[in-house]
Amino acid sequence: MRRGVLASVALAVAIAVLLIAEGSQGRQTLVIGVVAGSGYGLVALGLVLVYKSSGVFNFAQGEFGTIAVFALWAAHSAGVPYFFAMLAGLVAALACGLATERFVVRPLFHAPRVTLLVATAGVALLAIGVEIWLGEQRGRYLAPALGRLDRVSVFGFRVSDQRLLVIATLAVLAVLIALFFSRTNLGLAILGLSQNPMAAELMGISAQRLSTFTWAAAAVLGGLGGILSAPLATGFEPGFLTYSALIPAFTAAVLGGMASLPGAFVGGVVVGVAESAAVTFPIFADIPGARSVMVFSLLVVVLAVRPQGLLAPRSVSVGKAL
Amino acid sequence: MLSRQLIRRGAVLLAVLVSAACGQKPSALDEEASGARDRRAPVERDVAEYDSEFDVEAGQGPEVLLPETPETATGAAVPVPAVEDARAAAPGSSAPLAPLPAPAPARRSASSPRRGGAGPAEAAPPAPAAGGCGNGSAGSEVAERPPPAAARSESPSSQQQPAQPAAGPVPEEPPAPPAPSRKVIEGPADRTGVTKSTIKIGVHFPVTGAAPFPQSAFERSKDLYWKHLADEGGVWGRNVEVVFRDDEFSPTRAVQVCREMVEEEKVFFLIGAAGSDQITACARYAESAGVPYFSAGVNEDGLSDLNLYFAVSQTYSQQSDTLVGLIKNRLKKQRIAVVVASNPALNDALRNFTFAAESAGLRIVRSSRVSKTASDAELLSEANQLKNSGADVVYVLMAPVNFIKLATNSQAQAYTPAWVGPGTTNGLEIVAQAGCPSIGTARFLSPFPQLDAIDDLDPDYRPAYGRHIGGSPDDVGILQWGIAKTVHQVLEATGADLSRQSFLATLTSGKTFKSNVYPDVRYDNKIRFGASTMHLLEADCSSRSWKTAGRFVARADF
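Keep in mind that what you see is a predicted model, and the values were worked out from it rather than measured. (Residues numbered from 1 in each chain as written. Chains lettered and ligands numbered in written order. Predicted model: local features only at pLDDT ≥ 70, side-chain atom pairs only at ≥ 80, totals over all residues. Heavy atoms only, no water.)

S.K.: Describe in detail the overall build of chain B, supporting the description with residues and values.
M.R.: From N to C terminus, chain B includes 19 helices and 16 strands. Within the span of chain B, comprising 558 residues, buried residues form 63% of the whole. Sequence separation of at least 24 residues holds for 74% of the intrachain contacts in chain B that already meet a minimum separation of 6. If you sum the accessible surface of chain B, you get close to 18100 Å²; carbon and sulfur atoms cover 52% of it. (Helix = DSSP H or I, 4+ residues; strand = E, 2+ residues; numbered from the N terminus. Buried < 20%, exposed > 50% of the residue type's maximum accessible area, 1.4 Å probe, protein only. Contact = heavy atoms within 4.5 Å. Areas by Shrake-Rupley, 256 points an atom, 1.4 Å probe, with all protein chains shown as cover.)

This is the structure in structure tokens:
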């Protein structure tokens, strides 16, 4: 594992050096990739958390975020200060996560993982329907938590405070959650439950309680992703995070390794840089949909060469989920 | 074991390379900007592509054509009241309508025979351009433009060539409707959707999807004009009943809802309020079903060969010359960047704006296509590239949500160019509300005026809104009011004996129909893009709204 991680890091550093050496355009591509990819990474973090603990691709992860954004918008529109409105958003996401766990995940706890996967897709579609029903299908616009645009400039590219907030939040959360899973009893219990539920339960670990905790944490992460990235997207509408970020986030999670939380961060950045390069460099100008071609080519290559992802141990592969 | 692994990896890499190599060129613009492209080729390719995709039959020339329908009635000749002189100038415009293009022997054409006025993509014969929409089409310019349909039709073998890739990416192609079956107008009268007391019509609009407009605003005002008309006694004693459907910003869905409105609701004609791909898809379906179709002007590719499609304002291509005049003479800028959504239907607009700009001596410093569903990274990079290009003006033709994101990202990079573009939806109030201050003093052409001018142009709108809807009037209402009012002029001119035949005969009679909200339009047996002016809107970020900076403007006004 260590050799693979070192190779991945070396590859990432080499790409970064190449982009920096390419000139100002390359440097700016790198910065844009990191900035934009952080948003994907934030959503990917929640996906990895659920996968790591239960082996399920959670298609409802985007909707936890969208619901949080709607709650934030509603509270802020009603005159609640932005910070408290953000808290309201996180509470709404938490409630949604708990409800999903109680009414969807728990009844299907012993069902095949693919059944649970389909159930999460159903939750996402239901959530979008409810958002349309309650909130009308139209665009809404959300001001950023931090409005300053020109505090930091990297290689000539200005990074707004809101984007810095996303990057910092993602980096801190990735490290904290990685530490949680490696250094705390609760984290180890969740991992144990994921790897062998029967053995874990025989050791006195409550599967249901841990499941509740995991889904609640994933919902809060999704909510955080939503309320931080919605202002960057200028506007939002029902299903916005599912439509705009779920596929890139899945790609990021798979690239990073579905069981690696730092990998979600790295995967998000890789996806962002790939998209940015596809838009920026003239070599891609003749390829329609170069952005998608670039990202999915990268995904195919990584799956062919290193199916467990860039930062995950070889024993964990995405095929486990199915 | 090792060799199998190597083969497997090699196969994957090969597949990736093949998929990349098989891609189509996203835009003709890069090459056109460097002057290295033959301008004729893309048009013919596009025509072949559309003909191939939709399997449209070659028509028979200038007759108004209709499908044979089982619903028959007496097909009596309909007296057509005189409306206006066909050559009457648009109100407020100094540019009279252009001379008509020469008749074309075949209908399989991309533009010219269907064009109204003399838009920038005019593939018309090199007729004098005197005042034609004020587009200043000089003879030398015409010579470089796509050849006239008549010329193309002289070499049918070229039309028979297999469809070639379009000059642009193809994210979502409109689905192919069945081939149309047409008869000339002398057939039995088709009165589908018409009773003694009502006329049922269908309207579709992208309420959901990538164009987040307020659903309630569209639903509220979908039949506002017709309710107002009912107060006035209706049209020849009939009231108009509106069936409304959301096309979800998807061409596939648009065809579904249009089919539903035609086959289940039995509407008399259809109106597409916005969304170029959806309008194109639905109009082609309507053509196959023999149903007249109206929309504000959008693209020309895919619509120019239709008999039953009518644009009630200038197409994007027709607006190019006016925009070039605005940039050159009013804004006095030279360096232009062009950003167009990657919808293949917008290729003609891209080509024609590029041509008009270069012909006017403007310099295009960057041209690019962005995805219909562009990601954050894509729009961030695009904003950065625009900044690096040093363009003073950016011509944008894309969905409002992407325009707002692009402008916001540009402003975050301290890049605030003058945004300009053709209209319809970027001139809606919601764009100013969400896009300010990033959009600065953006200027868009629009088929309808904004709220600051509507009282002068149509004093009935505001009272009607208050009477039938209540609250403050909005511009979504004006958008729908204007189209409906234009169509009402045609219904009025058709008379009491209303059938699709009599309606189309009136529509294509060469009369000018004036709504004083949308531009004047005039159609005949060849012209389907019948407007020659537009309104000019300018963003006023102090009030987060649009101001009507010019009414019924054309190229000559700059």
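S.K.: So what about the overall build of chain A? Which residues, and what values?
M.R.: Along its length, chain A carries twelve helices and four strands. The globule rule puts the C-alpha radius of gyration for 322 residues at 20 Å, and the 19 Å found for chain A is close to it. Long-range pairs, those at least 24 residues apart, make up 75% of the contacts in chain A between residues at least 6 apart in sequence. Of the roughly 13400 Å² that chain A leaves accessible, carbon and sulfur atoms contribute 72%. Both charge centroids of chain A, one from 19 positive and one from 11 negative side chains, sit 12 Å from each other. (Rg over C-alpha atoms; globule rule 2.2 N^0.38 Å. Lys, Arg positive; Asp, Glu negative; His and termini not counted. Charge placed at Lys NZ, Arg CZ, Asp CG, Glu CD.)

S.K.: Explain the pattern of salt bridges to me, and be specific about the residues and the numbers.
M.R.: Counting across every chain of the model gives 20 salt bridges over all chains. Linked through salt bridges whose partners overlap, the residues forming this network are Lys200(B), Arg245(B), Glu260(B) and Glu265(B). (Salt bridge = Lys/Arg side-chain N within 4 Å of Asp/Glu carboxyl O.)

S.K.: Which residues make up the packing of helix H4 (residues 82-105) of chain A against helix H5 (residues 113-135) of chain A, and what values go with them?
M.R.: All names here are of chain A. At their nearest, the axes of H4 and H5 sit 11 Å apart, and the two run at 130° to each other. With respect to each other, H4 and H5 are oriented oblique. The element H4 and its partner H5 pack so that their crossing is right-handed. Contacts from Thr100, Val104 and Val105 in H4 reach Leu116, Ala119 and Val123 in H5. Residue composition of the contact of H4 with H5, grouped by class: five nonpolar, one polar and no charged. (Axes fitted to C-alpha atoms, helices over the stretch in contact; angles between N-to-C directions. Parallel < 35°, antiparallel > 145°, perpendicular 65-115°, else oblique. Left-handed = near helix turned anticlockwise from the far one by under 90°. Nonpolar A, V, L, I, M, F, W, Y, C, P; charged D, E, K, R; others polar.)

S.K.: Tell me about the packing of helix H6 (residues 161-183) of chain A against helix H9 (residues 207-229) of chain A, and please be specific about residues and values.
M.R.: All names here are of chain A. One way to put it is that H6 packs onto H9 with a least axis distance of 10 Å and a crossing angle of 165°. Accordingly, the angle class assigned to the pair H6 and H9 is roughly antiparallel. Crossing hand, H6 versus H9: left-handed. Across the interface between the two elements, Gln162, Leu165, Val166, Thr169, Leu173, Ile177 and Phe180 of H6 pack against Phe213, Leu221, Leu224, Ile227 and Leu228 of H9. The residue inventory of the contact of H6 with H9, partitioned by class, reads ten nonpolar, two polar and no charged.

S.K.: Which residues make up the sheet that holds strand S9 (residues 363-370) of chain B, and what values go with them?
M.R.: Residue and element names in this part refer to chain B. The strand order across the open sheet built from seven strands is S9-S8-S10-S11-S12-S15-S16, with neighbouring strands paired in mixed fashion. The two strands at the open ends of the sheet, each matched to only one other strand, are S9 and strand S16 (545-553). Strand-to-strand, the axes of this sheet are offset by a mean angle of 25°, without reference to chain direction. When strand S11 (residues 418-421) meets strand S12 (residues 443-446), the two strands line up parallel, connected through two bridges. Pairing of glycine 421 across the sheet is with phenylalanine 444, part of S12. Across the sheet, helix H13 (residues 376-389) lies against strand S8 (335-341), S9, strand S10 (393-397) and S11, angled at about 175° from S9, the strand it touches most. (Pairing = 2+ DSSP bridges.)

S.K.: Tell me about the packing of aromatic side chains, and please be specific about residues and values.
M.R.: Residues and elements named next belong to chain B. Using the criterion set out here, one finds 25 aromatic pairs over all chains in the structure. With a centroid separation of 3.9 Å and an interplanar angle of 20°, the aromatic rings of phenylalanine 353 and tyrosine 395 are classed as stacked. Separated by 42 residues along the polypeptide, phenylalanine 353 in helix H12 (residues 347-359) and tyrosine 395 in strand S10 bring together distant segments of the chain. Of the two residues examined, phenylalanine 353 and tyrosine 395, each falls in the buried class. With 5.7 Å between their ring centres and 75° between their planes, phenylalanine 403 and tryptophan 419 make a pair best called edge-to-face. Within this pair, whereas phenylalanine 403 is found in helix H14 (residues 400-412), its partner tryptophan 419 is found in strand S11, the two being separated by 16 residues in sequence. Across the pair, tryptophan 419 and phenylalanine 403 agree in class, each one buried. Ring pairs connect the aromatic residues Phe268, Phe269, Phe294, Phe310, Phe503 and Tyr523, which therefore count as one cluster. (Phe/Tyr/Trp six-rings, centres within 6.5 Å; stacked < 30°, edge-to-face > 60°.)

S.K.: Explain the nonpolar core to me, and be specific about the residues and the numbers.
M.R.: In this structure, Leu270(B), Tyr309(B), Phe403(B), Leu491(B) and Phe503(B) are the most contacted members of the largest nonpolar core, which totals 130 residues. Of all hydrophobic cores here, the second largest spans 77 residues; its members include Leu49(A), Val105(A), Ala207(A) and Val271(A). (Core = buried A, V, L, I, M, F, W, Y, C linked by side-chain atoms within 4.5 Å.)

S.K.: Residues and numbers for the side chain of His204(B), please.
M.R.: All names here are of chain B. Considering the arrangement of structural elements, one finds histidine 204 in strand S3 (residues 198-205). The exposure class assigned to histidine 204 is buried, which follows from its relative accessible area of 0%. There is a polar contact of 2.8 Å between the side chain of histidine 204 and the side chain of aspartate 247. Here the side chain of histidine 204 touches tyrosine 293 through a polar contact of 2.5 Å, side chain to side chain. Sequence-distant contacts of histidine 204, that is, excluding residues within four places in its chain, are made with Arg245, Asp247, Val257, Cys258, Met261, Ile271, Gly272, Ala273, Gln278, Ile279, Cys282 and Tyr293. (Polar contact = N/O pair within 3.5 Å; in protein donor to acceptor, adjacent residues only side chain to side chain.)

S.K.: Help me get a handle on the sheet that holds strand S6 (residues 293-295) of chain B, residues and values and all.
M.R.: Pairing between the strands of a sheet comes from backbone hydrogen bonds, and it takes one of two forms, parallel or antiparallel. Residues and elements named next belong to chain B. Spatially, five strands are ordered S4-S3-S5-S6-S7 in an open sheet, and the strand pairing comes out parallel. Edge strands, defined here as strands with exactly one partner in the open sheet, are strand S4 (239-246) and strand S7 (309-311). Strand-to-strand twist of the sheet, defined as the mean angle between neighbouring strand axes without regard to direction, takes the value 25°. For strand S5 (residues 270-272) and S6, the ladder comprises three bridges, and the chain directions are parallel. In the strand pairing of S6, glycine 272 is matched with serine 295.

S.K.: Outline H5(A), listing residues and values.
M.R.: Residues and elements named next belong to chain A. The terminal C-alpha atoms of H5, which comprises 23 residues, lie 32 Å apart, in line with the 33 Å expected from a rise of 1.5 Å per residue. Within H5, the full set of buried residues consists of Leu116, Leu117, Ala119, Thr120, Val123, Ala124, Ala127, Ile128, Glu131 and Gly135. Of the residues trailing H5, glutamate 136 is marked for its positive phi of about 65°. (Expected span 1.5 Å × (residues − 1).)

S.K.: Before we move on, could you go through the confidence of the model for chain A and cite the residues and values that matter?
M.R.: Residues and elements named next belong to chain A. Looking at chain A, the pLDDT average stands at 83 and 93% of residues meet or exceed 70. Confidence, expressed as mean pLDDT per element, reaches its minimum in chain A at helix H1 (residues 2-22) with 70 and its maximum at H4 with 94. Below pLDDT 50 for its whole length, residues 316-322 participates in 20 contacts with residues either more than four positions away or in separate chains. (pLDDT = per-residue confidence, 0-100.)

S.K.: I'd like a rundown of the side chain of Asp520(B), residues and numbers included.
M.R.: Residue and element names in this part refer to chain B. The topology assignment puts aspartate 520 in the loop between strand S13 (512-513) and strand S14 (521-522). Classification of aspartate 520 by relative accessible area gives buried; the value is 5%. Among the polar contacts made by the side chain of aspartate 520, one reaches the side chain of lysine 514 at a distance of 2.8 Å.

S.K.: Requested: an account of the confidence of the model for chain B, with residues and values cited.
M.R.: Residues and elements named next belong to chain B. With 65% of its residues at a pLDDT of 70 or more, chain B shows a mean pLDDT of 73. The model gives residues 13-174 a pLDDT under 50, and that stretch makes 370 contacts with residues more than four places away or in other chains. Note that pLDDT drops below 50 for residues 176-185; the model gives that stretch 38 contacts with residues more than four away or on any other chain. Under the prediction, the complex receives an ipTM of 0.75, its pTM being 0.71.

S.K.: Account for the pairing of S16(B), naming residues and giving values.
M.R.: All names here are of chain B. Bridge count between strand S15 (residues 534-540) and S16: six bridges; the pairing is antiparallel. Bridge assignment links alanine 539 to a residue of S16, and that residue is tryptophan 546. Between S15 and S16, which follow one another and run antiparallel, lie four residues, and arginine 544 among them has a positive phi close to 50°.

S.K.: How would you summarise the state of the cysteines if you had to cite specific residues and measurements?
M.R.: All names here are of chain B. Summed over all chains, the structure comprises two disulfides over all chains. In this model cysteine 258 forms its disulfide with cysteine 282; the gap between the sulfur atoms is 1.6 Å. On the sign convention where negative means left-handed, the S-S torsion of about -115° between cysteine 258 and cysteine 282 marks this disulfide as left-handed. Residue cysteine 258 is found in helix H9 (residues 251-264), and its partner cysteine 282 is found in helix H10 (residues 276-289); the two are separated by 24 residues along the sequence. Here cysteine 436 pairs with cysteine 541 through a disulfide, and the sulfurs are 2.0 Å apart. Residues cysteine 436 and cysteine 541 share a disulfide whose torsion about the S-S bond is about -80°; that sign makes it left-handed. With cysteine 436 in the loop between helix H15 (429-435) and S12 and cysteine 541 in the loop between S15 and S16, this pair connects stretches of sequence that are 105 residues apart. By relative accessible area, cysteine 436 is classed as buried at 5%. Taking relative accessible area as the criterion, cysteine 541 reaches 23% and is therefore assigned partly exposed. Sequence-ordered numbering of the disulfide-bonded cysteines in chain B gives the connectivity 1-2, 3-4. (Disulfide = S-S within 2.5 Å.)

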